[in-house]
Every structure is written in C-alpha cells, then in structure tokens.
Amino acid sequence: MSKIPPGLLPEGLRDRLPPEAEAAARLLRSIMDSVASYGYERVSPPLAEFEEGLVGQLKSDGAQDLLRIIDPVSRRTLALRPDITAQVGRIAATRMAGRTRPLRLAYGGEVLKLRATQLRPERQLLQAGAELVGSDSVAAASEILSMAVDALEAAGVTDITIDLTLPDLVPTLAAGPFPLDPGLVDSVRAELDEKDAGAIAALGADAYLPLVHAAGPLDMAMERMRAIDAGGALQSRLDGIAGIADALQGRATITLDPTERHGFEYQSWLGFSLFGADMAGELGRGGSYTICHADGAEEVAMGFSLYLDPLIDAGLGWKEKKRLFVPLGTESDLADRLRSEGWRTVAALTDADTADGLDCTHQLINGEPEPL
Ligand SMILES: N[C@@H](Cc1c[nH]c[nH+]1)C(=O)O
C-alpha cells in the first residue's frame, strides 16, 4: 500500500482551523443557551457505544448505516454515533426512566455518518438539539419548532423556512382507506419521494396520485390535502399541521410536502427540515418518534437537531477580534487588566518578536492599545 501523505485525512473528515473552530464553539454555546432557556437540561452521551444500544432504540422500519469498530477491551462491536437522538432515547428509557414526564433534554456534540451525501461531503458533523420525551402532541411540536427557530435566529440565521412532512402517511393510508399490498408500500413511498406520477399509476396506486401534487406552500398544500377523501384518516394530521402553523405566528415560511421521507428514518406522524436564507442545504431537522423500552413499552417523543457545519461555513458565529500585541517587559498586571477588559493579548516571548504575521489588530504602545 502507498504511504499516506502527511496531513491527509480520510474522506469526509477534516480539521477546523482558526477562526472556524472557535466559531463552532460559540455557535454551539448559543444554541445550548437558547434551548436551556426553555428548561431543557443538557446530557452528554459518549461518542461510541455497544451497537445494540444504538440500533433499535427508536422505532423505525429502516436499517441504520453505522460505522462499527471491534472493541478489543469488551470484545464487542461498538458503533460510533451517527445521531444523538437515539442516545437521548436510551438515556430517557434507562437512567432517566423514573423522571417525571415530559422530560426535556438537550445535547450537542460530534456525530459520524457512515456515508457522506451529495449535499454534505462531510461525514463528521456537529449536531445540537433538544428532545421532549413523553409527548408528540401539537403543543409539543409547537414548543420544539419555536425553540428551533429561536436557536437558529440566535445563531444569526434569517428568513427561516420549515418544510413539514408526514413521514408515516403512506403506511397509515395503506393500512386504512387506500389499501396497498404490503409488498408495494415501499415502492409507492419511493415513487412518491421521486414525485413520479407515471410510476405510481403503473403500481396501481392511483389513489395516491393527488399526494404528488399536494406539495408546496402551506396554504395551497393544505387546501389540496383537505380535498383528498381519505375517510378522516388525514383529518387529525392536517389539523395538527394547522395548529403548529398557528403557533409559529409567521416566524418562518412554512411549506408542506406530505410524502417527503428522505432522511426521516424513524419519525412518525410529523417530520420537518429547516432552511435559512443564503445557506446551502438543510440546517437541521426533527419530528415525532417512538422510544422503545426494554420491557416492550413504547414512549412517544418530539425533537429537533441542528447541524452546525453549514452555519460555520456561512461565516456565522465569528466575532470581531481585538487582538493586542504585547511587547516584552509589559507589566503582568497591565496585561491582566487588558484581558479582563476583553482584549486578547499576544505576548512577545523575545525582544526580537514583533506583531508581524501574528494576526493582531492592535499593539501596546506606552501602555495604550493602538490600532495597527
Ligand atoms: N436527530 C434527527 C432529527 C430529530 C431529532 N429529534 C427527532 N428527530 C436527525 O438529525 O435527523
């Protein structure tokens, strides 16, 4: 095998350099403060855990892509977390099972995806979010979405758009008003994801065709969805969406794509994606889901996760620097005082050191900071 060039990292992994590494920390802090103000308490699960602990914690019909490692210590297979939500579910179902519901938990940390996507070439992402365990009601969704909007605004995102979706809509309709052969459910979902009306008709799923045309701005989409006669099966979901939109009171643009399922592996009646002005791709997503307890009990929950990398890449979280070059021989009391006033001091180590190339904005002359 050829030698790996120095500094080369595996595909999808990268170093964050100054000033981005600090912007990341600042953005994370601001998001955590924002959710803490709603009473969400932070938990900090580990980077890796037993594979069984991560898989199957949330009710889902899809297999999970995980990066696995064999742990020589426990001789068990460990998985690196691709998403912190399942870990929060595990904590809620085990160590915090006895706590009063609803349980409000927050988290922020790195996750590792097995595969990069076209939209996001990175595999390691900084994820931060909040989970409300014990309810998946309209009130819970409204709290979660208001918090997500607040957190994004605090981070500096403007013109927020929320794309709502109904992830379990097709199986629900298939089991009720629009019967489908169970073997066809996945194909119909896939074609609805593609919005391929011809393929849906070819599958004999004509009843599902109106859903293709119902995606768009909320008012239009709601009108089209309400016109679909599904014997009441749609009613509660649409009323839920209307309630959520009311609660957000115009703080974000809302669209509805009732059958969008991409990336919603475990979400149930509600899913959403978050977008912002001049930002590439999704900034986060969330929705309702079900936590599985060891005794077979199930518990509903609702939450959101933000991905900080697009925010960092867009230049958010940067603060104007006040970097002051401090020559050799400066009294340490003076330097202490300047730091306490908010200066970042960069001290000379030798007589020959100058401010050149040190990225300073000021230098100390006769005890006073002077712009460079
Ligand atoms: N963790 C999910 C989003 C989510 C949080 N809570 C519920 N859903 C994701 O990143 O895709």
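Residues numbered from 1 in each chain as written. Predicted model: local features only at pLDDT ≥ 70, side-chain atom pairs only at ≥ 80, totals over all residues. Heavy atoms only, no water.

S.K.: Just give me the short version of the sheet that holds strand 13 (residues 323-326), but keep the residues and values in it.
M.R.: In sheet architecture, strand pairing relies on hydrogen bonds along the backbone and comes in two forms, parallel and antiparallel. With mixed pairing, the 4 strands of this open sheet are ordered in space as 14-13-15-16. Taken across any chain shown, the strands that pair with only one partner, and hence form the sheet edges, are strand 14 (344-347) and strand 16 (368-371). Each adjacent strand pair in this sheet contributes to an overall mean axis angle of 35 degrees, direction not counted. As paired elements, strand 15 (residues 362-365) and strand 16 share 4 bridges and run antiparallel to each other. Residue pairing across strands places L364 opposite P369, the latter belonging to strand 16. Contacts from helix 12 (residues 332-340) reach strand 13, strand 14, strand 15 and strand 16, with the element oriented near 145 degrees to strand 14. (Pairing = 2+ DSSP bridges. Helix = DSSP H or I, 4+ residues; strand = E, 2+ residues; numbered from the N terminus. Axes fitted to C-alpha atoms, helices over the stretch in contact; angles between N-to-C directions. Contact = heavy atoms within 4.5 Å.)

S.K.: Can you lay out unusual backbone geometry for me, pointing to particular residues and giving the numbers?
M.R.: Cis geometry marks the peptide bond from P18 to P19, where omega comes out at 0 degrees. With an omega dihedral of -5 degrees, the bond running from R101 to P102 counts as a cis peptide bond. Take P102: it is sitting in the loop between helix 3 (85-93) and strand 5 (103-112). One non-glycine residue, Q249, lies in positive phi territory at about 45 degrees. Exposure remark for Q249: the relative accessible area of 68% places this residue in the exposed category. Positive phi values are uncommon outside glycine, yet D359 reaches one of about 65 degrees. Its relative accessible area of 51% is what places D359 among the exposed residues. (Buried < 20%, exposed > 50% of the residue type's maximum accessible area, 1.4 Å probe, protein only.)

S.K.: With reference to specific residues and values, describe the nonpolar core.
M.R.: Grouped together as the largest cluster of nonpolar side chains are 70 residues, with contacts concentrated most on I162, Y208 and M225. The greatest single-element share of this core, amounting to 10 residues, is contributed by helix 4 (residues 138-155). If we ignore the near neighbours within four places in the chain, the residues touching Y208 are V170, L173, A174, F178, L180, V188, L192 and I200. One finds A86, I91, Y289 and Y307 within the second-largest nonpolar core, a separate group that totals 20 residues. (Core = buried A, V, L, I, M, F, W, Y, C linked by side-chain atoms within 4.5 Å.)

S.K.: With reference to specific residues and values, describe the site of the ligand.
M.R.: Among the 14 residues in the neighbourhood of the ligand, the closest are listed as D83, T85, R285, S305 and Y307. Contacts to the ligand include Q127, whose side-chain N or O atom sits 3.2 Å from an oxygen atom. Q267 is positioned with one of its side-chain polar atoms (N or O) 2.9 Å from a nitrogen atom of the ligand. Here the ligand, which alone exposes 300 Å², has 98% of that area covered by the protein. Sorting the residues of the shell around the ligand by element identifies strand 6 (124-133), strand 11 (284-292) and strand 12 (298-307) as the ones contributing at least two each. (Near = heavy atom within 4 Å. Polar contact = N/O pair within 3.5 Å; in protein donor to acceptor, adjacent residues only side chain to side chain. Areas by Shrake-Rupley, 256 points an atom, 1.4 Å probe, with all protein chains shown as cover.)

S.K.: Account for helix 9 (residues 218-226), with residues named and values stated.
M.R.: Regarding helix 9, the residues found buried are L218, A221, M222 and M225. Along the long axis of helix 9, the arc covered by the buried residues comes to 100 degrees, so they all point the same way. Residues of helix 9 that are exposed and point over 90 degrees away from its buried face: D219 and E223. Its buried side turned inward, helix 9 meets helix 5 (169-174), helix 8 (209-212), strand 8 (216-217), helix 10 (235-248) and strand 9 (253-256). (Arc of directions from axis to C-beta.)

S.K.: So what's going on with the pattern of salt bridges? Which residues, and what values?
M.R.: Using the criterion set out here, one finds 28 salt bridges in the structure. One salt bridge in this structure joins D309 and R14, with 3.5 Å as the shortest N-O distance. Of this pair, D309 sits in helix 11 (residues 309-313) while R14 sits in the segment before helix 1 (20-36); the two residues are 295 residues apart in sequence, bridging distant segments of the chain. Under the relative-accessibility criterion, D309 is labelled buried at 5%. (Salt bridge = Lys/Arg side-chain N within 4 Å of Asp/Glu carboxyl O.)

S.K.: Which residues make up the UniProt feature "binding site: L-histidine" (unreviewed entry) in the protein chain, and what are the values?
M.R.: Within this structure's numbering, the places UniProt gives as "binding site: L-histidine" (unreviewed entry) are D83, I84, T85, Q127 and E131. In sequence the annotated residues extend across 49 residues, while in space they remain close, none of their C-alpha pairs exceeding 12.8 Å. Locating Q127 in the fold gives a position in strand 6. In this view, Q127 contacts D83, I84, Y107, G108, G109, V111, S305, L306 and Y307; residues no more than four positions away in its chain are not counted. At a separation of 2.8 Å, a polar atom in the side chain of Q127 contacts the side chain of D83. Its location among the elements puts E131 in strand 6. What makes E131 buried here is its relative accessible area of 1%. (UniProt positions renumbered as here; feature names shortened; annotations may be inferred.)

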